[in-house]
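Each chain is listed here by its residues.
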Amino acid sequence: MNDNKIKESYSLETPEASRAHYQKWASSYDAEVGAHGYATPARVAEALWSKMPEPQTPVLDYGCGTGLSGEALHAAGFQVIDGVDPTPKMLEGALAKGVYRKLSTFEITDPNPLEEGAYKAIAAIGVISVGTAPPEVFDILMRALPQGGLLAFSFNDHTLTDKSYTVRLNDWLDMGAARLLFREYGPHLPGMDLKSDVYVVEKA
């Protein structure tokens, strides 16, 4: 099993480098993360469902990649899932999963890629993390939610050691702009002994 692609993903320093990396990795991504028991998608999806068990409420799967996150959301009970990802090759994998209502791409340099208030729930599974998306993406997603909307997301071990991510989350919580509904530390990639925190926050 070639773990280099997984390890390399934690050291990417620009959005452009991330997109190029995932574009090349798309064809073998599912097999490689699956071999390590990638647990975070199901954990995030089930956490979101526990707070919003509404099968017909549309969920935005932000940074959907090859669609493993969409499959997890679908398995948890959500029936209307839209996916967005900046990597066209990853979206081909997502399309093949057959769980999305629609799929679209966006420019990683766009500061506001989402329409505000369009979704009551957004999932960002394994997305806001070191090497993938900067802490500012948390702000973009929270701003896109309506009042009372939910953001379900994860921070893996690498991300938890970079304080800029947890500081961004705590800024929202401390200001009273968001409420923490769920947080649980558990398996991420068990085969590599990596864990992640899973969260659900509500926009106040």
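Everything below is about the structure shown above.
All values reported here derive from a predicted model rather than from experimental measurement.

What follows is about the overall build of the protein. Along the backbone of the protein there are eight helices and seven strands. Across the 204 residues in the protein, those meeting the buried criterion constitute 52%. Long-range contacts, defined here as pairs at least 24 residues apart, represent 67% of the contacts in the protein between residues at least 6 apart. By element, 51% of the accessible surface of the protein is carried by carbon and sulfur atoms, the whole surface being about 9,000 Å².

Okay, the pairing of strand E2 (residues 81–84) next. Of the two faces of E2, both are covered, the one formed by Ile81 and Gly83 as well as the one formed by Asp82 and Val84. Two strands pair when backbone bridges link them, and strand E1 (residues 59–62) and E2 are joined in this way by four bridges, in the parallel orientation. Each residue of the ladder has a partner; that of valine 59, found in E2, is isoleucine 81. Pairing of E2 with strand E3 (residues 102–104), which is carried by three bridges, proceeds in the parallel orientation. The residue of E3 that forms the bridge with valine 84 is serine 104. On the question of chirality, the crossover connecting E2 to the parallel E3 by way of helix H5 (residues 88–97) is right-handed.

A few words now on the packing of aromatic side chains. Applying the stated rule across the entire model yields eight aromatic pairs. Their ring planes at 85° and their centres at 5.0 Å tell us that tryptophan 49 and phenylalanine 78 sit as a pair that is edge-to-face. One end of the pair, tryptophan 49, is in helix H3 (residues 40–51); the other, phenylalanine 78, is in the loop between helix H4 (68–76) and E2, and 29 residues separate them in sequence. The partly exposed category is assigned to tryptophan 49, whose relative accessible area is 24%. Centre to centre, the rings of phenylalanine 153 and tyrosine 199 are 4.8 Å apart; their planes meet at 10°, and the pair counts as stacked. Taken as a pair, phenylalanine 153 in strand E5 (residues 150–156) and tyrosine 199 in strand E7 (residues 194–203) lie far apart in primary sequence, 46 residues in all. The exposure class assigned to tyrosine 199 is buried, which follows from its relative accessible area of 2%. Taken together, the ring pairs in this structure connect Phe138, Phe153, Phe155, Tyr165, Trp172 and Tyr199 into an aromatic cluster.

What counts as what
Residues numbered from 1 in each chain as written. Predicted model: local features only at pLDDT ≥ 70, side-chain atom pairs only at ≥ 80, totals over all residues. Heavy atoms only, no water. Helix = DSSP H or I, 4+ residues; strand = E, 2+ residues; numbered from the N terminus. Buried < 20%, exposed > 50% of the residue type's maximum accessible area, 1.4 Å probe, protein only. Contact = heavy atoms within 4.5 Å. Areas by Shrake-Rupley, 256 points an atom, 1.4 Å probe, with all protein chains shown as cover. Pairing = 2+ DSSP bridges. Right-handed = clockwise from strand over helix to strand, strands pointing away. Phe/Tyr/Trp six-rings, centres within 6.5 Å; stacked < 30°, edge-to-face > 60°.

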